[in-house]
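Below are the chains, spelled out letter by letter.
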Amino acid sequence: MAEPAILPAAQMERLAPASLASPCPRIPRARIARRCAQRWADLGCSSGPSSGRMNQLPQKNPLRPCPAGCSHSWMSSAESSSMDSFWMEVERIQQRDELREEDSGGNEGQLPEEGEAESQWLQDTGLSGLLGGLGLDGDHQELLSTLTQTQVAAVCRRLDIYTRSLQRRQKAPVRDVRDVFGVFNSGKMSSENGDSGMKWAQLSSGASKSFPAAEPGGLLERAGREEAFNMDSAYSEQAAVLLQRSGSSPGGASAWGKHSLPKFTIPKGRLGVTRIGDLSLQDMRKVPSLALIELTALCDILGLDLKRSKAGKWKAAETRLFGVSLDSLLEADHKVLPSTQVPLVLQALLSCLEKRGLDMEGILRVPGSQARVKGLEQKLERDFYTGLFSWDEVHHNDASDLLKRFIRKLPTPLLTAEYLPAFAVVPNIPDLKQRLQILHLLILILPEPNRNALKALLEFLRKVVAREQHNKMTLWNVSTVMAPNLFLHQGRPPKLPKGKEKQLAEGAAEVVQIMVHYQDLLWTVASFLVAQVRKLNDSSSRRPQLCDAGLKTWLRRMHADKDKAGDGLEATLKVAKIQVVWPIKDPLKVPLTPSTKVAHVLRQFTERLSPGSKGQEGSEDMDSLLLQSMESAGILLYEVGGNINEHRLDPDAYLLDLYRANPHGEWVLKQSPT
């Protein structure tokens, strides 16, 4: 699957700033904090349309509180006490009357009834066959066969709750969990990614243990150091192992500040690192259900009850841009630019701000003129697709208001109505690494249009932070300004008890801060998920078709012979044949040794095209330049077929290990579609 296509700069309108009046006068901070905190609490208890509003996720077993003087928040005390930008942004949203009385109806967002959430979860994870006593088809069996021990426990828990709820309501019986997975109440279940040694009784008892809080002093000592972020084994398996270690801490917890955020690096295994855009669309469609199962398993280990909100029904927008769903926008945009994966109006707003606002002091924080913004919105609705809209008229502060208005007016939140509560609960997790794991899985669960739009937004916000010396916008400033626009969908605050306003505001800003700072890590596909996708594809390709018994026997023998032949083939395979789509037709033959990397294939291909580049072996600088030239030309090595549909390979991946992981696949050198 290609990376989100961004509209070329040449297709954007002229972006020279016009001389406009100064922004709106600033409101006294003390009055803002008092008014907004009270309004947050008051509106949080009022009725609103059902859109899956941000009901805070209840905790099955509240996480153990930190010692005195310590907070779960990893912000510094100065950051925690300085929330002026957040409350000013909320005040401006409310001043613009985006929350109107007529919007508040009796169709209030509700939590699902008992069993309903579990039913929806089983459908979302592709396990709907477990409902209503239906038999398990091949797809369900294949998915269940890929799950780790902790993931199996998560499925069993949801199925058990659903079964008991139906029995209480005297409905038709469903499959007993033991019929699906067998009896594991005393034994161990091996994991595809290694046995964690976790007992079934511990996972299914529902009594999750809290992790001890880490000592703040030890955290600060590690500030600035690189820490490994392991994606080889399932996060829930890692958490289960940590839970078993008596008296051990899961790692970093609180007291991280904006200047001491640790640097996490993904250790590169022999198969390299897979980014979201490296997998084909067919393979990426399998990832969200796997990520949801893993997210639920991890929350079970951490003692968090993962409940999704109901998505409400919204009337179709009468506009063309603002208040229109991402899917509808992309459908219209594909008529203009078929390859685009981010709405063109969002690209245009980000491009305008990037070209003219990055160095402006207070960008995103300083408001524009309300009257001008409304006028510009009307002009965009009328003239954007005709090409008559002139960006010369747009002041950078007005553009930032338009950007935030676009995000708030989406029919459903950018982070989705269903999982916005899960994003909001992330700050309740003491361990920063586990917060990242939760966020990583949530981003993989997002629908593709939402994930691509969020990626474009976060990339822009990182550019704003990079120009901090000029625009005076730190990472924390940017996070506090943008958090209300992501978490207060259409200006409506979440429902929570009074007195929790400051805690929720800080938590929302922390989530944005983490997403901006660690976005490169979050936009990867964990290697344990890629392994599960491979197993799903492999099971699907080996699924027996409807045929007579004799043919089935012949097929089984044929597969057995193939496997034996494959074992011998690996022992004799010395040269890998790389198919080349362009510009040469003959296969490229590469020696297959334990040290052969994808980068060596790219180098040999370059030498074949440019004989003058030979004789430079051993030069790391030359290798780097060759790889850069290949990437700029869009020439990449792909893994195609076998147990993967299409996979763009990491230059640091080893060919022999790739062959062992997918012996029936092919390697193809071709130009990237983007």
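Rules used in this analysis
Residues numbered from 1 in each chain as written. Predicted model: local features only at pLDDT ≥ 70, side-chain atom pairs only at ≥ 80, totals over all residues. Heavy atoms only, no water. UniProt positions renumbered as here; feature names shortened; annotations may be inferred. Helix = DSSP H or I, 4+ residues; strand = E, 2+ residues; numbered from the N terminus. Contact = heavy atoms within 4.5 Å. Areas by Shrake-Rupley, 256 points an atom, 1.4 Å probe, with all protein chains shown as cover. Expected span 1.5 Å × (residues − 1). Buried < 20%, exposed > 50% of the residue type's maximum accessible area, 1.4 Å probe, protein only. Pairing = 2+ DSSP bridges. Axes fitted to C-alpha atoms, helices over the stretch in contact; angles between N-to-C directions. Salt bridge = Lys/Arg side-chain N within 4 Å of Asp/Glu carboxyl O. Polar contact = N/O pair within 3.5 Å; in protein donor to acceptor, adjacent residues only side chain to side chain. Core = buried A, V, L, I, M, F, W, Y, C linked by side-chain atoms within 4.5 Å. pLDDT = per-residue confidence, 0-100. Bend = angle between axes of the 7 residues up to and from the residue. Parallel < 35°, antiparallel > 145°, perpendicular 65-115°, else oblique. Nonpolar A, V, L, I, M, F, W, Y, C, P; charged D, E, K, R; others polar. Phe/Tyr/Trp six-rings, centres within 6.5 Å; stacked < 30°, edge-to-face > 60°. Lys NZ or Arg CZ within 6 Å of the ring centre and 35° of its normal.

The name an unreviewed UniProt entry assigns to the protein chain is Rho GTPase-activating protein 40 isoform X1, from the organism Sapajus apella. Among the UniProt annotations of the protein chain, the heading Function (unreviewed entry) holds the following wording: "GTPase activator for the Rho-type GTPases by converting them to an inactive GDP-bound state."

Kindly report on the overall build of the protein chain, identifying the contributing residues and their values.
Looking only at helices and strands, one finds 28 helices and nine strands in the protein chain. Contacts in the protein chain between residues at least 24 apart in sequence constitute 82% of all its contacts with a sequence separation of at least 6. Just so you have it, the protein chain exposes about 30,000 Å², and 51% of that area is on carbon and sulfur atoms.

Would you mind going over helix α26 (residues 598-609) in detail, with residue names and values included?
Residues spaced three or four apart along an α-helix point in a common direction, a consequence of the helix completing one turn every 3.6 residues. For α26, spanning 12 residues, the distance from its first C-alpha to its last is 17 Å, which sits close to the expected 16 Å at 1.5 Å a residue. When we look at burial in α26, the residues that qualify are Val598, Ala599, Val601, Leu602, Arg603, Phe605, Thr606 and Glu607.

Outline the sheet that holds strand β5 (residues 575-580), supporting the account with residue identities and numerical values.
Ordered by their spatial adjacency, five strands build an open sheet running β6-β5-β9-β7-β8, and the pairing between neighbours is mixed. With one partner strand each, in any of the chains shown, β6 (588-591) and β8 (644-648) form the two edges of the open sheet. With direction set aside, neighbouring strand axes in the sheet form an average angle of 30°. Bridge count between β5 and β6: four bridges; the pairing is antiparallel. Its bridge partner being in β6, isoleucine 578 is matched across the sheet by leucine 588. Along the sheet, α26 makes contact with β5, β6, β7 (635-641) and β9 (666-671), crossing β6 at roughly 135°.

Before we move on, can you summarise the pattern of salt bridges with the specific residues and values?
Proximity of charged atoms lets side chains of opposite charge pair with each other. As enumerated under the stated definition, the model contains 21 salt bridges in all. The closest approach of N and O atoms between lysine 404 and aspartate 401, which form a salt bridge, is 4.0 Å. Residue lysine 404 and its partner aspartate 401 are both found in helix α16 (residues 396-408); the two are separated by three residues, about one turn of the helix. Note that glutamate 646 is salt-bridged to lysine 670, the shortest N-O span being 2.8 Å. Of this pair, glutamate 646 sits in strand β8 while lysine 670 sits in strand β9, and the two are 24 residues apart along the sequence. Where salt bridges share partners, they join Arg157, Arg158 and Asp300 into one cluster.

Can you explain the side chain of aspartate 657? Please cite residues and give values.
By secondary structure assignment, the location of aspartate 657 is in helix α28 (residues 655-661). The class for aspartate 657 is buried, based on a relative accessible area of 18%. Engagement of the side chain of aspartate 657 in a polar contact is seen with the side chain of arginine 270, the distance being 2.9 Å. When sequence neighbours within four positions are dropped, the list of residues in contact with aspartate 657 reads Arg270 and Leu271.

Describe the nonpolar core, listing the residues and the values that go with them.
In this structure, Leu364 and Phe487 are the most contacted members of the largest nonpolar core, which totals 133 residues. If you tally residues by element for this core, the top one is helix α12 (residues 287-302), at 10 residues. Dropping the residues within four chain positions of it, leucine 364 is found in contact with Glu89, Ser400, Leu403, Lys404, Phe460, Leu461, Val464, Val478, Val481 and Met482. Ranked by size, the runner-up nonpolar core spans 20 residues in total, among them Ile578, Val598, Phe605 and Leu637.

Can you explain the confidence of the model for the protein chain? Please cite residues and give values.
A low pLDDT means the predicted coordinates there should not be read in detail. Averaged over all residues, the pLDDT of the protein chain equals 74, while 61% of them reach at least 70. Counted against residues more than four places away or in other chains, residues 568-572, with its pLDDT under 50, gives three contacts.

Describe helix α21 (residues 475-487), listing the residues and the values that go with them.
With 13 residues, α21 extends 18 Å between its outermost C-alpha atoms, agreeing within 8% with the 18 Å of an ideal straight helix rising 1.5 Å per residue. In α21, a bend of some 30° at valine 481 exceeds every other bend along the element, and proline 484, a proline, comes one to four places later. Among the 13 residues that make up α21, 12 are buried, leaving the element largely enclosed by the rest of the structure. Residues of α21 that are buried: Leu475, Trp476, Val478, Ser479, Thr480, Val481, Met482, Ala483, Pro484, Asn485, Leu486 and Phe487.

Before we move on, can you summarise the pairing of β9 with the specific residues and values?
A regular strand places its side chains on the two faces of the sheet in alternate fashion. Strand direction decides the pairing type here: β5 and β9, joined by three bridges, are parallel. The residue of β9 that forms the bridge with glutamine 579 is valine 668. Note: β7 against β9, six bridges, orientation antiparallel. Bridge pairing links isoleucine 635 to glutamine 671 in β9.

Explain the packing of helix α14 (residues 344-356) against helix α19 (residues 448-466) to me, and be specific about the residues and the numbers.
Between α14 and α19, the least distance of the axes is 11 Å, while the angle of their chain directions is 5°. If you check the angle between α14 and α19, you find them roughly parallel. Here Leu346, Leu350, Leu353 and Glu354 of α14 come into contact with α19, specifically with Ala453, Ala456, Leu457, Phe460 and Lys463. Looking at side-chain class alone, the contact of α14 with α19 contains seven nonpolar, no polar and two charged residues.

Lay out the pairing of β8 in plain terms, naming residues and giving numbers.
Bridge analysis of β7 against β8 gives four bridges, and the strand direction is antiparallel. Each residue of the ladder has a partner; that of glutamate 639, found in β8, is histidine 647. Where β7 hands over to β8, the hairpin turn is made up of two residues, of which glycine 642 adopts a positive phi near 75°.

How would you summarise the environment of glycine 126 if you had to cite specific residues and measurements?
Residue placement: glycine 126 occurs in the loop between α4 (116-124) and α5 (138-145). A residue is classified by how much of its surface remains accessible, and glycine 126, at 35% relative accessible area, is partly exposed. For the pair glycine 126 and histidine 140, spaced 14 residues apart in the sequence, the C-alpha separation amounts to 7.1 Å. If we skip the residues at most four places from it in the chain, glycine 126 touches His140 and Leu143.

How would you summarise the packing of aromatic side chains if you had to cite specific residues and measurements?
Taken as a whole and judged by the stated rule, the model has seven aromatic pairs. Both rings, one in tyrosine 235 and one in phenylalanine 528, keep their centres 5.3 Å apart while their planes meet at 75°; by these two values the pair is edge-to-face. With tyrosine 235 in helix α10 (residues 235-244) and phenylalanine 528 in helix α24 (residues 527-541), this pair connects stretches of sequence that are 293 residues apart. Accessibility assignment for this pair places tyrosine 235 and phenylalanine 528 in one class, buried. Aromatic ring contacts, followed pair by pair, group Phe229, Tyr235, Phe264, Tyr518 and Phe528 into a single cluster. For the cation-ring pair, arginine 270 lies above tyrosine 654, with the distance from its terminal atom to the ring centre recorded as 3.6 Å. The side chain of lysine 670 reaches across the aromatic face of tyrosine 638, ending 4.8 Å from its centre.

Just give me the short version of the environment of leucine 330, but keep the residues and values in it.
With respect to the helices and strands, leucine 330 occurs in helix α13 (residues 326-333). Along the sequence, leucine 330 and valine 345 sit 15 residues apart, while their C-alpha atoms lie 10.0 Å from each other. Leucine 330 has contacts with Thr340, Gln341, Val342, Pro343 and Pro449, leaving out every residue within four places of it along the chain.

I'd like a rundown of the environment of threonine 593, residues and numbers included.
Topologically, threonine 593 is positioned in the loop between β6 and α26. Considered as a pair, threonine 593 and tyrosine 654 are 61 residues apart in the sequence and their alpha carbons are 8.9 Å apart. At a separation of 2.8 Å, a polar atom in the side chain of threonine 593 contacts the side chain of threonine 596.

Tell me what's going on with unusual backbone geometry, and back it up with residues and numbers.
Non-glycine residue leucine 364 carries a positive phi angle of around 80°. Relative to the assigned elements, leucine 364 resides in the loop between α14 and α15 (370-383). Residues other than glycine seldom take positive phi values, yet threonine 416 does so here, at roughly 75°. With respect to the helices, strands and loops of the structure, threonine 416 is situated in the loop between α16 and α17 (420-425).

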